[in-house]
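Single-letter residue listing:
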Amino acid sequence: MKVIFMGTPDFAVATLDALVKAGYEIPLVITQPDRPKGRHGEAQKSDVRIAAEGYGIRVATPERIRKDEALKAEMRALAPDVIVVTAFGQILPKDILEIPKYGCVNVHASLLPKYRGAAPVQWAVLNGDAESGVTTMQMDEGLDTGDILMMKRIPLEAKETGGTLFDKLAKLGGELIVETLEGLEAGSITPVAQDASQATKVGLFTKTSGRIDWTEDAVVIERKIRGLNPWPSAYSFLGGKQLKLWDADVLTDAECKQYPLPEVAVMMPERDRTMPEGTKAGHVYADQKMLVVRCGRGALLIRELQLEGKKRMKAEDFLRGHRF
């Protein structure tokens, strides 16, 4: 089976690895152009490009694939049986979707039709879902709207983070694409149309997506801490400095009364804002070993944090060296 692969970030590398390991012929990999990254803004290759070049596979990097007629002609000349797409980053036009015998198959990191869009992994954690998974889909001209081919589910652990789920689903996607291609070739898969009424759309996160609103429920904030770990990370401000929170446990109002800690500071969601009057949300209570922040309902026992300009550390270590 001849496969053209399209993908860009590290999540897609696991799919490419699985296809190579399974012995599929891959004459071409298509990925996004090199983009500026890092402090110095130097152009860097995508993770998929690095992996493909390591395998000795030809790589194409179109700025806009729908307008790259030369690349389309090359794809037609290669006559692939299937095009596999994982987090490529561009919507494919009809003339590309119609090139391969088995069409274009997308590996999507959610249980479609839930979480259509660019950042499905984190939302499963943010919303407190009991499970997540990977879907292979027959692509059409819409955004994650094609028929479902196969699906694999996994439960979320109590302390699941966006990062740990990302790694699990990347590996699962590699396994599922091989099973899907085998099924397509054998004619054993019956595509199932998505129920559009159950669809939810999610967008990309930005650096400011992790800003904490302390008036929210402690359960919601704790999920944000886990869901946006490692990027863009959940944060607030303490003493005018950004404070990233990496791990916390939820305390009920009743549990808070068991820890008669002195109030030492107030968290601020932004450098130029204070909390609404009359609320204890964002107020910090601490001794030499415990750091608790009140929320709109309940509180968070902070386990791990990182003050601006400092390394990531346990809350006890922070308390030993910080003067409020």
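Now for a look at the structure at hand. Source: prediction; values computed, not measured. (Residues numbered from 1 in each chain as written. Predicted model: local features only at pLDDT ≥ 70, side-chain atom pairs only at ≥ 80, totals over all residues. Heavy atoms only, no water.)

1. Some thoughts on the sheet that holds strand β5 (residues 58–60)
Ordered in space as β5-β2-β1-β6-β7-β9-β10, the seven strands form an open sheet in which the pairing is mixed. Looking at which strands have only one partner, the edges of the open sheet turn out to be β5 and β10 (147–155). Neighbouring strand axes in the sheet, compared pairwise and without regard to direction, differ in orientation by 20 degrees on average. As paired elements, strand β9 (residues 131–138) and β10 share eight bridges and run antiparallel to each other. Across the sheet, the residue bridging to V134 is K152, located in β10. Of the strands in this sheet, β1 (2–7), β2 (25–30), β6 (82–86) and β7 (104–108) are in contact with helix α1 (residues 10–21), which crosses β1 at around 170 degrees. Against the sheet, helix α3 (residues 69–78) makes contact with β1, β2, β5 and β6, and its axis sits at roughly 170 degrees relative to β2, the strand it touches most. (Pairing = 2+ DSSP bridges. Helix = DSSP H or I, 4+ residues; strand = E, 2+ residues; numbered from the N terminus. Axes fitted to C-alpha atoms, helices over the stretch in contact; angles between N-to-C directions. Contact = heavy atoms within 4.5 Å.)

2. Regarding the packing of aromatic side chains
Per the counting criterion, the structure on display carries four aromatic pairs. The ring of W246 has R312 lying over it, and the distance from NZ or CZ to the ring centre is 4.3 Å. (Phe/Tyr/Trp six-rings, centres within 6.5 Å; stacked < 30°, edge-to-face > 60°. Lys NZ or Arg CZ within 6 Å of the ring centre and 35° of its normal.)

3. What about the pattern of salt bridges?
Scanning the model with the defined rule gives 24 salt bridges in all. K152 is the salt-bridge partner of E179, the closest N and O atoms lying 3.3 Å from each other. Highlighted residues: E179 in helix α6 (residues 162–186) and K152 in strand β10, separated in sequence by 27 residues. Of the residues examined, E179 reaches a relative accessible area of 32% and is grouped as partly exposed. Taking relative accessible area as the criterion, K152 reaches 22% and is therefore assigned partly exposed. Its salt-bridge partner being R294, residue D253 comes within 3.1 Å of it at the nearest N-O pair. In this pair, D253 sits in helix α8 (residues 253–256) while R294 sits in strand β16 (residues 291–294), placing the two residues 41 residues apart along the sequence. Sharing partners across several salt bridges, the network here consists of K159, E222, R226, D247, D249 and R303. (Salt bridge = Lys/Arg side-chain N within 4 Å of Asp/Glu carboxyl O. Buried < 20%, exposed > 50% of the residue type's maximum accessible area, 1.4 Å probe, protein only.)

4. What about the nonpolar core?
Counting 41 residues, the largest nonpolar core has F5, L19, V29, V84, L169 and L181 as its most contacted members. At nine residues, the largest contribution of residues to this core is made by α6. The contacts of V29, once residues within four sequence positions are left out, are F5, L16, V48, A52, I57, R58, V59 and A60. Grouped together as the second largest cluster of nonpolar side chains are 25 residues, I212, W214, I302 and F318 included. (Core = buried A, V, L, I, M, F, W, Y, C linked by side-chain atoms within 4.5 Å.)

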